Amino acid sequence: METIVVRKAAAAGHDEGTGVGVESGSFTATVEIAPVLAGLGASIDYLATAADGTELRAEHTVLAFDTWSGAAELAEQTRAALTAR
């Protein structure tokens, strides 16, 4: 059975784009998706930077199945949460 976890792991790769935020102005964003745990999960990394290279937002997410319930679980952390430890 195909699940969201399987679809994300299969979509591994790197993508870039640009946008304009109400508060931030113009920015460049990158998304990196990589399979983890032999395809049982996916790591998703997002980075948005301003034209001058200032980091606007960074996120790291792991999507995988909970081994107890079998449900898909999402664990997300922003750069601020990661560096606060």
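Look a little higher up for the structure.
Throughout this document, residue positions are counted from 1 along each chain, in the order its sequence is written. Owing to the predicted nature of the model, reporting of local features is limited to residues with pLDDT of at least 70; listing and counting of side-chain atom pairs is limited to 80 or more, with chain, interface and lining totals taken over all residues. Only hydrogens and water are removed before side-chain values are computed, so all heavy atoms of the structure are retained for them.

Some remarks on the overall build of the chain
For helices the rule is a DSSP run of H or I covering at least 4 residues; for strands it is a run of E covering at least 2, with both sets numbered from the N terminus onward. Of the regular secondary structure elements, the chain holds two helices and five strands. Listed N to C, the secondary structure of the chain is α-β-β-β-β-β-α in terms of helices and strands. In what follows, residue pairs with any heavy atoms lying within 4.5 Å of each other are defined as contacts. Sequence separation of 24 or more characterises 18% of the internal contacts of the chain that already satisfy a separation of 6 or more. Calculation of accessible area relied on Shrake-Rupley with a 1.4 Å probe; when residues are assessed, cover is drawn exclusively from the protein chains displayed. For the chain, the computed accessible surface area is about 5,900 Å², with 57% contributed by carbon and sulfur atoms.

As for the pattern of salt bridges
Here, a salt bridge means any side-chain nitrogen of Lys or Arg that lies within 4 Å of a carboxyl oxygen of Asp or Glu. Taken as a whole and assessed by the stated rule, the structure comprises one salt bridge. Where R57 meets E59, a salt bridge forms, and the shortest distance between an N and an O atom there is 2.4 Å. Residue R57 is classed as partly exposed on the basis of its relative accessible area, which comes to 40%. Exposed residues in this analysis have more than 50% of their type's maximum accessible area, buried residues have under 20%, and partly exposed residues fall in between, with area computed by a 1.4 Å probe over protein chains only.

What about the side chain of S43?
When you line up the elements, S43 lands in strand β3 (residues 41–50). By relative accessible area, which is 10% here, S43 ends up buried. Look past the residues within four positions of S43 in its chain and what remains in contact with it is E32, I33, A34, V36, H60 and T61.

Some thoughts on the pairing of strand β4 (residues 55–65)
Direction of pairing for β3 relative to β4: antiparallel, over a ladder of nine bridges. By the bridge assignment, S43 is partnered in β4 with V62. Paired strands, as defined in this entry, are two strands with at least two bridges between them according to DSSP. Taking the residues that link successive antiparallel strands as the turn, the β3-β4 hairpin has four residues, and the phi of G53 there is positive, at about 95 degrees.

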